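Take a look at the letters that make up each chain.
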Amino acid sequence: MSEFKVLLVDDETDFVVPLSKRLRKRNLEVNSASSGQEALDYLSQSPCDVVVLDVKMPDMNGIETLRRIKEVAPLVEVIMLTGHANVEVAIEGMELGAFDYLMKPVEIDDLLYKLQDAYKKKSYRPIS
Amino acid sequence: MNILTRFFKQIIHRGHNKPEDLSSVGELRKAFAHRYHNFKLLLTANNKALELMTNLENALEGSQSFGMSFVRANCTATAVNVFRIIKHLDELSPGKYTELYKSFKRIHADINSALEYRKTFHRSKLVLPIFEVNQDILDEVGAKMANVGVIKNTIGLPTPDGFVVTASGYERFVAHNDLQAEIYRRIQSMDKEGIEDLYRLSSDLQNLILGATLPSDLEDAILKAYQTLEASCGQGVRVSMRSSALGEDSSDTTFAGQFRSILNVSSESIIYSYKDVVASKYSLPAITYRFNRGIPDEDVAMCVGCMTMVNAQAGGVMYSCNPLNVRDRSILINSVWGLPKAVVDGSIDPDLFVISRNEPFEIIQKSIKEKRLEFVCFPEEGVCRRELTGKRRQTESISENQARELARMAVILEAYYGRPQDIEWAIGADGSIVILQCRPLQQLELPEIHENHKNSHRDICATVLASGGETASPGVGFGPVYIVRNDVDKLKFPPKSVLVTMQALPRWAPMLGSAVALITETGGITGHLANVSREFGVPAIFGLSGATETLTNGLEITVDADGRSLYLGKIESLLETKPSRKNLMVGSPIFEILKKVADLIVPLNLLDPDSADFHPGKCMTLHDITRFCHEKSVDEMFSFGKEHRFSERASKQLVCDVPMQWWILNLDDGFKQDVEGKFVQIDNIDSIPMLAIWEGITAVPWEGPPPVDAKGFMSVLMEATANPALDPAIRSAYSARNYFMISRNFCSLSSRFGFHFSTTEALVGLRSSENYVRFTFKGGAADLPRRRRRAQFVGEILEYFDFSVEIKEDNAFARAEGCNQEIMKEKLRVLGYLMIHTRQLDMVMSNDASITKYRQKIFDDINLKVLRLGTKQ
């Protein structure tokens, strides 16, 4: 049994494939999407706990994707993970409700802790 | 029940006679868990933010090199974590601290504008012919091509004809492909910063540029300029393409040999060669150079000069002065057969002419070397390397008359620029001299000491391994030999070694950032590598033949570049004269940006939680916000017990043998079993960090206050009467006793013994990277000098036990992080011990003998009793 469900959204398959593998080994159920639209389509049909979202993607960028994810699946926690160190974009993401904004490269275990924290936050959320 | 306990109880239950409307204990439990999780996340973010601030502070010391990506990444991560802190505090007590967002926004906007690099946009033609180029448009064409324009149009010396693809052209190219954002992303995402990773990064970025397309207007402009050149210089004229980066060749940065020059290019290769030169902005030497000198990427717009190719019979480099000695005004010429490339590359030993600076330009020294090869143009395109045979090898590559004529030009150029020049020249097929480029010469101020010890080194009693060659960069260095023959050796270059190579190739430059000295078998002191070694202050001897044979890897030697000798082992007397290595970061553009943003992040202004200024609106820096939020979050967690009549989560008194009162608030899973009523047994505590502190507290019984001399006691009395804040009755209940807030992995302890106040906060668990301990210690009853000395005293002890310590006035701050659970527990035991045994030591802090005595007792206790606890269990 996996701990919880994660969706990786990134257009770089070289990054996504090995990361999915490593997270699965750490007992998470991992799916991936290679664009913002694909992520939204996935979320509208399948339940998910935490999304890991790249900021710089062609077509729909990460910030726009985040905005729409919060519309279609407000309970999902989103962690931005990017090679893009930009204070402005980072804070915009945080204001839109991202759980955290991490910069590549990230240690796998640090990412795992963030995922666990985000999931825990989701499950503690008071019913309103 | 004593008065304090009653007072405390009142605080907890004050005004809350009606229980909360939460329908069940389960709901309340869930609400509490939610709050506690937010609190924990806040603490993690707080800890992370403080760690990042420490990174920034360390970088401000200027002893390490860093790029813009370091500054951006640290600022971004700090801003994100501080934002999270505010958000988690807002979840802890919704709506109460929203003003923080305003302060954050203000500071965040300032940080953004400090990071937003003042990028000047260039708005001129994409391409300019050389006859339109002069000093005034240096920012459009780069220093190298501006100089060529000046030499041709103002000074009137011969240069090739041609044109420049301007900074506007470069920006057009970069913008067309949105290259800059992608380049930053790749630099940021780089995994490590070993030379191997830099290699990969360098080749990735260059491929990115080579794969990009030129916008059609730029391509058209370049091809049109070439057609115009053909009209005046002949159909199909070959050209050279040279970098002329902005900022290159300014007086204190050389950029020597980092960028590509492509020689003998035919018309169909012009566009690709343009990209190739632009791509060399990300050559390995260029990346490491900018990194070491703190130069932002944006500052280096790559202009490219395109000039008719001189099919040189001979060429070389000359210096209008001696670069190693400001007092020597003779002119130095290095020359070779064929293109000057062989001198610049350091691939062969060039002829050397030293010429007196006045008419009739007398030749002071002439040293004709054995020239193994020459570079010549292929008929179609490109350059070939040709072995030299027969007499030509030993024949002088230029005549004495040509040497004098060159010297005359050098004097004219120096006179025009008003400072010594480094000049590349060629002699065409028809025997006429052409100036290819000219830039300020890096001259070294030699301290007197060098002159002195030049004479004294004969007295040194040591084995001379080799001597000879030429001083390419002065100084003395010591370290193990490392011979680099190829790029694989380069990857393995161990820092702080003596770099030994056959040739003085520019591609060895990236190792100079970490080499202690440089020795080459061939190469002249006018080459690129010599330039870079002088710039980085790396002692260098060039042309020391046989060095790669004589020396072996790992052999420890002292390189005396001034005395041109290598000694076996470490020669202290020579090393004493060694000037400290140049600090190239301080004052660089990136360093200035860091200073600006760090000013908005690092300083802490909100010191006193009891002051009226301890207020969200008064937060001037991100550190202020973290400080404020941390203080409030602890208060908020604590007050949960007040707001909800919830016995499960009310504070309990600890039942123990230590004759002090200890109160415990269980945040989550800090008890083994739920506790009804007012008391909890130590056996029921399940908090890892609390138990470790407790072990330290109880390890050695306290012997009571130290015997105080009369002065110490008077100082206590004076202070107590003069300072009402020291009256314990005025302090809030929270600080008036020893208070633990715990969960299994977390513990926050505020403890107050009379006037002595300390807080310990720790997160200890299996996530080693998140583990931390923070400890503050302040106050005391004695006067300020004694309290300061005690803070110093405690700080020294903690430093010994591997805490990072900072002392401000009578405050000691200590922290440790990222260690595994067992090490963290040891640290907490030390803290627990110190909390008990250092109180009231301030009173004896004027007497050196007693300080020594107490220090010894404390070390003995900790080593023999406190730290033994861990091994016993």
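Residues numbered from 1 in each chain as written. Chains lettered and ligands numbered in written order. Predicted model: local features only at pLDDT ≥ 70, side-chain atom pairs only at ≥ 80, totals over all residues. Heavy atoms only, no water.

(A) Structural context of the overall build of chain A. On a plain count of helices and strands, chain A comes out with five helices and five strands. Relative to the globule expectation of 14 Å for 128 residues, the C-alpha radius of gyration of chain A, 13 Å, shows essentially globular dimensions. C-alpha extents for chain A along the principal axes are approximately 40 × 35 × 25 Å. The long-range fraction of contacts in chain A, counting pairs at least 24 apart against all pairs at least 6 apart in sequence, stands at 63%. By element, 47% of the accessible surface of chain A is carried by carbon and sulfur atoms, the whole surface being about 5800 Å². Each charge sign in chain A was given a centre, from 16 positive and 22 negative side chains, and these centres are 5 Å apart. (Helix = DSSP H or I, 4+ residues; strand = E, 2+ residues; numbered from the N terminus. Rg over C-alpha atoms; globule rule 2.2 N^0.38 Å. Contact = heavy atoms within 4.5 Å. Areas by Shrake-Rupley, 256 points an atom, 1.4 Å probe, with all protein chains shown as cover. Lys, Arg positive; Asp, Glu negative; His and termini not counted. Charge placed at Lys NZ, Arg CZ, Asp CG, Glu CD.)

(B) Examining the overall build of chain B more closely. Each helix and strand in chain B was counted, giving 26 helices and 30 strands. Of all 873 residues assigned to chain B, the portion counted as buried reaches 58%. Total accessible area on chain B is roughly 35700 Å²; 52% of this is exposed by carbon and sulfur atoms. (Buried < 20%, exposed > 50% of the residue type's maximum accessible area, 1.4 Å probe, protein only.)

(C) Looking closely at the interface of chain B and chain A. Between chain B and chain A, the contact holds 36 residues from the first and 32 residues from the second. Between chain B and chain A lies a buried interface of about 3000 Å² when both sides are counted; carbon and sulfur atoms form 59% of it. Scanning the region where chain B abuts chain A turns up five salt bridges. The partner of Glu91(B) in a salt bridge is Lys121(A), and the shortest N-O contact between them spans 3.7 Å. Connecting chain B to chain A are 10 residue pairs in polar contact (both at pLDDT 80 or more). Contributing elements (two or more residues each) for the side of chain B that touches chain A: helix H2 (25–60), helix H3 (68–92), helix H4 (99–115) and helix H7 (179–189) of chain B. Broken down by element, the side of chain B that touches chain A gets its largest block of residues, 11 residues, from H3(B). Across the side of chain B that touches chain A, the residue classes break down as 14 nonpolar, 10 polar and 12 charged. (Buried area = accessible area lost by both parts, 1.4 Å probe. Salt bridge = Lys/Arg side-chain N within 4 Å of Asp/Glu carboxyl O. Polar contact = N/O pair within 3.5 Å; in protein donor to acceptor, adjacent residues only side chain to side chain. Nonpolar A, V, L, I, M, F, W, Y, C, P; charged D, E, K, R; others polar.)

(D) Representation of the packing of aromatic side chains in the model. Residue and element names in this part refer to chain B. According to the stated counting rule, one finds 17 aromatic pairs over all chains in the structure shown. For the ring pair tyrosine 97 and phenylalanine 628, a centre distance of 5.8 Å and an interplane angle of 80° mean the geometry is edge-to-face. One end of the pair, tyrosine 97, is in the loop between H3 and H4; the other, phenylalanine 628, is in helix H20 (residues 622–643), and 531 residues separate them in sequence. On the basis of relative accessibility, which here comes to 10%, the residue tyrosine 97 falls in the buried class. (Phe/Tyr/Trp six-rings, centres within 6.5 Å; stacked < 30°, edge-to-face > 60°.)

(E) Focus on the pattern of salt bridges. Following the criterion strictly, the structure yields 47 salt bridges over all chains and no others. Across the pair Glu817(B) and Arg815(B) runs a salt bridge, and its minimum N-O distance is 2.5 Å. Judged by its relative accessible area of 23%, Glu817(B) is partly exposed. For Arg815(B), a relative accessible area of 19% corresponds to the buried category. A single network of salt bridges, built from pairs that share partners, joins Asp10(A), Glu12(A), Lys104(A), Glu182(B), Arg185(B) and Arg186(B).

(F) Inspection of unusual backbone geometry at higher detail. For the peptide bond that leads from Lys104(A) to Pro105(A), omega is -5°, which places it in the cis range. Positionally, Pro105(A) belongs in the loop between strand E5 (100–103) and helix H5 (108–124). Phi at Phe361(B) takes a positive value of approximately 55°, unusual for a residue other than glycine. Looking at the secondary structure, you find Phe361(B) in the loop between strand E8 (351–355) and strand E9 (363–367).

(G) Just the environment of Ile331(B), in detail. Residue and element names in this part refer to chain B. Locating isoleucine 331 in the fold gives a position in strand E7 (residues 331–337). Residues isoleucine 331 and isoleucine 355, 24 residues apart in the sequence, show an inter-C-alpha distance of 5.0 Å. Residue contacts for isoleucine 331: discarding those within four places in its chain leaves Tyr319, Ser320, Phe353, Val354, Ile355, Ser356, Arg357, Ala407, Ala410 and Val411.

(H) Region of interest: the packing of helix H1 (residues 13–25) of chain A against H5(A). Residues and elements named next belong to chain A. Relative orientation of the contacting elements H1 and H5 amounts to 65°, with a least axis distance of 11 Å. Relative to H5, the element H1 is oriented roughly perpendicular. Crossing geometry of H1 relative to H5 is assigned as right-handed. Counted together, Leu19, Arg22 and Leu23 of H1 and Ile108, Leu111 and Leu115 of H5 form the full contact between these two elements. Residue composition of the contact of H1 with H5, by class: five nonpolar, no polar and one charged. (Axes fitted to C-alpha atoms, helices over the stretch in contact; angles between N-to-C directions. Parallel < 35°, antiparallel > 145°, perpendicular 65-115°, else oblique. Left-handed = near helix turned anticlockwise from the far one by under 90°.)

(I) Focus on H5(A). Over its 17 residues, H5(A) runs 24 Å from end to end, which matches the ideal 24 Å to within 8%, given 1.5 Å per residue. Within the span of H5(A), buried status applies to Ile108(A), Leu111(A), Leu112(A), Tyr113(A), Lys114(A), Leu115(A), Asp117(A), Ala118(A) and Lys121(A). (Expected span 1.5 Å × (residues − 1).)

(J) Quick peek at the confidence of the model for chain B. Residue and element names in this part refer to chain B. Scored by pLDDT, chain B comes out at a mean of 83, with 85% of its residues at no less than 70. Confidence drops under a pLDDT of 50 for residues 447–458, and excluding neighbours within four residues, the segment shows 18 contacts in the predicted structure. Low pLDDT (under 50) marks residues 720–736, which in the prediction has 24 contacts with non-local residues, meaning those over four places away or in another chain. Quick note on the complex model: pTM equals 0.71, ipTM equals 0.87. (pLDDT = per-residue confidence, 0-100.)

(K) Just the side chain of Arg84(B), in detail. The residue Arg84(B) is located in helix H3 in this model. Among the polar contacts made by the side chain of Arg84(B), one reaches the side chain of Asp100(A) at a distance of 2.6 Å. Once you skip the residues sitting within four places of it in the chain, Arg84(B) turns out to touch Met94(A), Phe99(A), Asp100(A), Lys114(A), Leu41(B) and Ala45(B).

(L) Structural context of the environment of Asp109(A). All names here are of chain A. By secondary structure assignment, the location of aspartate 109 is in helix H5. The partly exposed category is assigned to aspartate 109, whose relative accessible area is 33%. The spatial distance from the C-alpha of aspartate 109 to the C-alpha of valine 87 is 24 Å, given a sequence separation of 22 residues.

(M) Just the packing of helix H4 (residues 87–95) of chain A against H4(B), in detail. One way to put it is that H4(A) packs onto H4(B) with a least axis distance of 10 Å and a crossing angle of 155°. Judged on the interaxial angle alone, H4(B) and H4(A) are roughly antiparallel. On the side of H4(A), the interface is formed by Val87(A), Glu88(A), Ile91(A) and Glu95(A), while H4(B) contributes Phe104(B), Lys105(B), His108(B), Asn112(B) and Leu115(B). Taken together, the residues of the contact of H4(A) with H4(B) sort by class into four nonpolar, two polar and three charged.

(N) Representation of the sheet that holds E5(A) within the structure. Residue and element names in this part refer to chain A. Pairing within the open sheet is parallel, and its five strands lie in the order E2-E1-E3-E4-E5. Where the open sheet ends on each side, the last strands, each with one partner, are strand E2 (29–33) and E5. The mean inter-strand angle of the sheet, taken between neighbouring strand axes irrespective of direction, is 20°. Across four bridges, the pairing between strand E1 (residues 5–9) and strand E3 (residues 50–53) is parallel. Residue leucine 7 lies in a different strand from E3, and its bridge partner there is valine 51. Contacts between helix H3 (residues 62–72) and the sheet are confined to E3 and strand E4 (77–82), with E4 contributing the most and set at about 175° to the helix. (Pairing = 2+ DSSP bridges.)

(O) Quick peek at the pairing of strand E30 (residues 811–817) of chain B. Residue and element names in this part refer to chain B. Within E30, five of the seven residues are buried, leaving the element largely enclosed by the surrounding structure. Pairing of strand E28 (residues 772–779) with E30, which is carried by six bridges, proceeds in the antiparallel orientation. From the neighbouring strand, tyrosine 772 faces E30, where its bridge partner is glutamate 817. Pairing geometry for strand E29 (residues 804–808) and E30, over five bridges, is antiparallel. Along E30, the bridge assignment pairs serine 804 with arginine 815. Between E29 and E30, which pair antiparallel in sequence order, lie two residues; one of them, glutamate 809, sits at a positive phi of approximately 50°.

(P) Focus on the sheet that holds strand E17 (residues 498–501) of chain B. All names here are of chain B. Strand order in the open sheet made by the eight strands is E14-E21-E20-E16-E17-E18-E19-E15, with mixed pairing throughout. Two strands in the sheet have a free side with no partner beyond their single neighbour: strand E14 (464–467) and strand E15 (470–473). The mean angle between the axes of side-by-side strands here comes to 30°, regardless of whether they run parallel or antiparallel. With three bridges joining them, strand E16 (residues 476–483) and E17 adopt parallel strand pairing.

(Q) The nonpolar core, seen in detail. Core analysis: the biggest nonpolar cluster contains 103 residues, and Phe163(B), Phe173(B), Ile222(B), Met241(B), Tyr274(B) and Leu499(B) have the highest contact counts within it. It is helix H10 (residues 270–279) of chain B that contributes the most residues to this core, six residues altogether. Filtering out sequence-adjacent residues up to four positions away, Met241(B) remains in contact with Arg260(B), Ser261(B), Ile262(B), Val265(B), Ile270(B), Ser273(B), Tyr274(B), Val277(B), Val304(B), Gly305(B) and Cys306(B). Ala90(A), Phe32(B), Val82(B) and Ile86(B) belong to the second-largest nonpolar core, a separate cluster that totals 89 residues. (Core = buried A, V, L, I, M, F, W, Y, C linked by side-chain atoms within 4.5 Å.)

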